[in-house]
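This is what each chain is made of:
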Amino acid sequence: MRALDIKLMRDLRRLWPQVLAIALVMAAGVATLILGVGAYDSLSTTRARYYETNRFADLFATLTRAPNTLKPEIAAIDGVAAVETRTEKIALADLPGMAEPASVLLVSVPDYREQALNRVYLRSGRLPDPDAAAEAVASAGFARVHGLREGDTIRVLINGRQREVRISGTALSPEFVYALGPGALMPDEHRFGILWMPDRVLSAAYDLEGAFNAVSLRLVEGANAEAVTAELDRLLDRYGGLGTYGRKDQQSHAFLDAELKQLQAMSRILPPIFLLVSAFLVNMTLSRLIALEREQIGLLKAMGYSSWAVVRHYVGFVSMIALIGILIGIVAGSWLGVGMTKLYAKFFSFPFLVFSRNPSVYAIAAGLSYLAAVAGAVRAVREVAWLSPAVAMAPPAPARYRKVLGGAVSLLRFVRQSSVIVMRHLTHWPLRTASGILGIALAVAILVGSLWAFGSIEYMIDVTFKRSDRQDASITFTDVKPLSALFEVRRLPAVMAAEPFRAVAVKFRNGPVERRVSLVGKEPGASLSRVLDGKLEPVVLPEQGLVISEALARILRVERGGSVEVEVLEGRRQTVMQPVSAIITGYIGLTAYMDLSAMNRMLGEGEVISGVYLGLDMPAREDLFTVLKATPAASFIALQYAALEKFRETLAQNVTIMITVYATLAAIIAFGVVYNLARISLSEQGREMASLRVLGFTRGEVSALLLGELAVVVIVAQPVGWVIGYLFAFLMTEGFRTELYRVPLVVNREVYAWASLVTFAAAAVSGLVVRRRIDRLDMIEVLKTRE
């Protein structure tokens, strides 16, 4: 082993605390990129494989009733590769040990052949027997939550009749990766599930023998989806078709896609920020660390080593540190990425998992970190390596200090002598001080950029569940009912207040842009489910016109006072122009509202409603549930407290866990940065510290000078870090913006406080370590010079 190699290994052992701290900063940057990008790529690949294997459809349509003889006509449409027709109905289920009624979506499967599209993936058991009285395959999550196994029975209210349905197996489906009940915000496997039943049994129960009310299509590659959609709509129009829609509007795919887009945004914004910040900090730290080796570099040159040999030695030293950090980052990032992907796969009920290990991601993370480290080393070494040995071995020229304003102002009148020393030392090397402030500010910034989401999510929950939708429950009817149904609901047990609503599927169109949404009609002055403006004040729905969300207005490119074309997809299917009377702020979905009476006039169907919002006497709610379980008119009961609980649980399994991981890695970076700055400052000023001890300064007084510098840098860095962190948070909210979710930018004071507290804690620990080193200074050894 060459002499320089021996020196390299000794330097690594001698500086192991700083080497480890620098390596951990690099590892955090590498790990975040591998974690974020790896999790997104894995889930995206898994979804694509799942969709292809189980033949997920491209187009979907629902209708009132069409004869099976229409199926060949649909299959003959140019561009159609496969067609699947079936029966779909929502029903209430009475499950043992569950007070409130659950809802199930009943979906027919072919009697004696395999599904052409949207094939179920059996987890256990078998498909239902068409010759049995009533068998069904239950969605795996629904069965797991309720402990359902093959042979168990549940009571389902099918077309007004209570029937015992025997479970023949459990399954998953690409169509219900994200299974949502009508109007629900989050999947709730406790209260909503899927039951696949034989077509013969289900169609007979709903008087649909020889007919269907739902159809799915798979297209030939390269087919014109718009042309197929138009032709299918034409065929289904006379059968009560509600309009054909593609995957982007299919409920499960749309929500899953929104989740993946948010994960992609997180992987594209936060990990690169981490990686670039850690690269900058490592560059800054290593350049200062190597600058301390000035005398050793001069000694090496005096012994005959060339300038290039010296450069190669220190690049090798930095390369070893970088290698340690990159290896730790790759292992940690891969481990966290696999865990995060498994968590998402379990939440989305994928039957299998394809974890992506894209070599380019590892190469980018490792390459950028390595280049940043080497650049810092080269920048520092080149300033010394080409000096003559005598110059390089000589200590740097002593700093020249000046009196403030030529001595006109004496700082000693206002501050202590030690404070003057601290301030003079900081201001004499402004670039070094500024780099230290920026380094700690970036550590604060990535903490702010990681922690902000908690406050934003709580704000979104407060607005959505406590200010806007304040009802305790809502009932959705099987079909529209006359307004008199409202008075019947008010007479139900435990009902304290009831407000009607009407929901109808429409297409909003403005020029070439269109969106399929649910238009909701509410009573003006409603207090249970309110429409709020940007200031969270209730909006009185106008007698004419629409109130739409800001996100929908931006997509349609319409402003207040403009008009949009409204194509109704139900009933008479009329198309009308409606003015936009107001634009509101909304965080979930694309929303549109009208005055209930005005909406019914537009539809021309009289005073009818789709459901009722309820305010309940919560202690007596089980009496209401008992009645609803036997009410054929109700197809779905949404409980607001259950929705809030599931919303929190879902966010905890998605954004919150991911942000927690990033916040932990950010804390590691913060500690690594502060610790290295403190140790390097001690190394730079070791001679001065020892000189002061010789002059009679106590250990505490000497420590106060160095720790005072550290304290000033840390404190000044806080507001700078807050500003940069706010910018990081803004970039995150823009990346999170999808049609289904908009995360508000809310950075509470607690976020800044926690970011600063973590930084102060890192500074305090680093200060204690530095204090111990100062206490153990060998004054004679430190004061030795090589002259």
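Below or above, wherever it landed, is the structure these notes cover. All of these numbers come straight from a predicted model, not from anything done at the bench.

**Points about the overall build of the protein**
So, point 1. From N to C terminus, the protein includes 21 helices and 20 strands.
So, point 2. In the protein, which comprises 787 residues, the share counted as buried stands at 55%.
So, point 3. Sequence separation of 24 or more characterises 83% of the internal contacts of the protein that already satisfy a separation of 6 or more.
So, point 4. Element-wise, carbon and sulfur atoms account for 57% of the exposed surface of the protein, whose accessible area totals about 34,300 Å².

**Some remarks on unusual backbone geometry**
So, point 1. Unlike most non-glycine residues, R55 shows phi in positive territory, near 55°.
So, point 2. Despite not being glycine, R573 has its phi angle at roughly 55°, a positive value.
So, point 3. Locating R573 in the fold gives a position in the loop between β16 (563–568) and β17 (575–584).

**Quick word on the packing of aromatic side chains**
In this description, a pair of aromatic rings is defined by centroid distance and the angle of the planes.
So, point 1. Evaluated as defined, the whole model comprises 10 aromatic pairs.
So, point 2. Ring geometry for Y51 versus F56: centroids 4.4 Å apart, planes at 40°, classification tilted.
So, point 3. By relative accessible area, Y51 is classed as buried at 4%.
So, point 4. Between F60 and Y245, the ring centres sit 5.8 Å apart and the planes meet at 20°, which makes this aromatic pair stacked. Pair noted here: F60 is in strand β1 (residues 59–67) and Y245 is in strand β11 (residues 245–246), with a separation of 185 residues, a long-range link. Here the two residues F60 and Y245 agree in accessibility, since each one is buried.
So, point 5. Put simply, the rings of Y51, F56, F60 and Y245 touch in pairs and so form one group of aromatic residues.

**Some details on the nonpolar core**
So, point 1. Formed by 101 residues in total, the largest nonpolar core has its most connected members in Y178, F348, F350, I440, W452 and Y741.
So, point 2. Put simply, the parts of the chain that give this core at least two residues each are α2 (16–53), α7 (251–291), α9 (307–348), α12 (417–428), α13 (430–468), α18 (640–694), α19 (699–736) and α20 (749–775).
So, point 3. Top element by residues in this core is α13. It accounts for 18 residues.
So, point 4. Aside from chain neighbours lying at most four places away, what touches I440 is V673, V674, L677, V713, V714, A717, Q718 and T759.
So, point 5. Membership of the second largest hydrophobic core comes to 26 residues, among which are A93, A102, A138 and A205.

**Here we look at the packing of α2 against α9**
So, point 1. With their axes 6 Å apart at the nearest point, α2 and α9 run at an angle of 35° to one another. Along this stretch, α2 crosses α9, giving a crossing that reads as right-handed.
So, point 2. In terms of residue class, the contact of α2 with α9 is made up of 22 nonpolar, 8 polar and no charged.

**Some remarks on the packing of helix α1 (residues 3–14) against α2**
How two helices pack is summed up by the angle between their axes together with the distance between the axes.
So, point 1. Taken N-terminus to C-terminus, the directions of α1 and α2 make an angle of 85°; their axes are 5 Å apart at the nearest point. When the interaxial angle is binned, α1 and α2 end up roughly perpendicular. Residues L12, R13 and R14 of α1 form the contact with α2, whose own contacting residues are W16, P17 and V19.
So, point 2. Here the residues of the contact of α1 with α2 are counted per class, giving 4 nonpolar, no polar and 2 charged.

**A word on the sheet that holds strand β2 (residues 80–86)**
So, point 1. With respect to topology, 4 strands assemble into an open sheet ordered β2-β10-β1-β11, the strand pairing being antiparallel. Looking at the sheet topology across the chains shown, the edges are occupied by β2 and β11.
So, point 2. As defined by bridge partners, β2 adjoins strand β10 (residues 211–219) across 6 bridges and the pair is classed as antiparallel. Across the sheet, A82 pairs through a bridge with R218, a residue of β10.
So, point 3. The strands that helix α6 (residues 225–236) touches are β1, β2 and β10; relative to β1, the one it contacts most, it runs at about 15°.

Reading the values: rules and limits
Residues numbered from 1 in each chain as written. Predicted model: local features only at pLDDT ≥ 70, side-chain atom pairs only at ≥ 80, totals over all residues. Heavy atoms only, no water. Helix = DSSP H or I, 4+ residues; strand = E, 2+ residues; numbered from the N terminus. Buried < 20%, exposed > 50% of the residue type's maximum accessible area, 1.4 Å probe, protein only. Contact = heavy atoms within 4.5 Å. Areas by Shrake-Rupley, 256 points an atom, 1.4 Å probe, with all protein chains shown as cover. Phe/Tyr/Trp six-rings, centres within 6.5 Å; stacked < 30°, edge-to-face > 60°. Core = buried A, V, L, I, M, F, W, Y, C linked by side-chain atoms within 4.5 Å. Axes fitted to C-alpha atoms, helices over the stretch in contact; angles between N-to-C directions. Left-handed = near helix turned anticlockwise from the far one by under 90°. Nonpolar A, V, L, I, M, F, W, Y, C, P; charged D, E, K, R; others polar. Parallel < 35°, antiparallel > 145°, perpendicular 65-115°, else oblique. Pairing = 2+ DSSP bridges.

These values are about where atoms sit, not about what they do.
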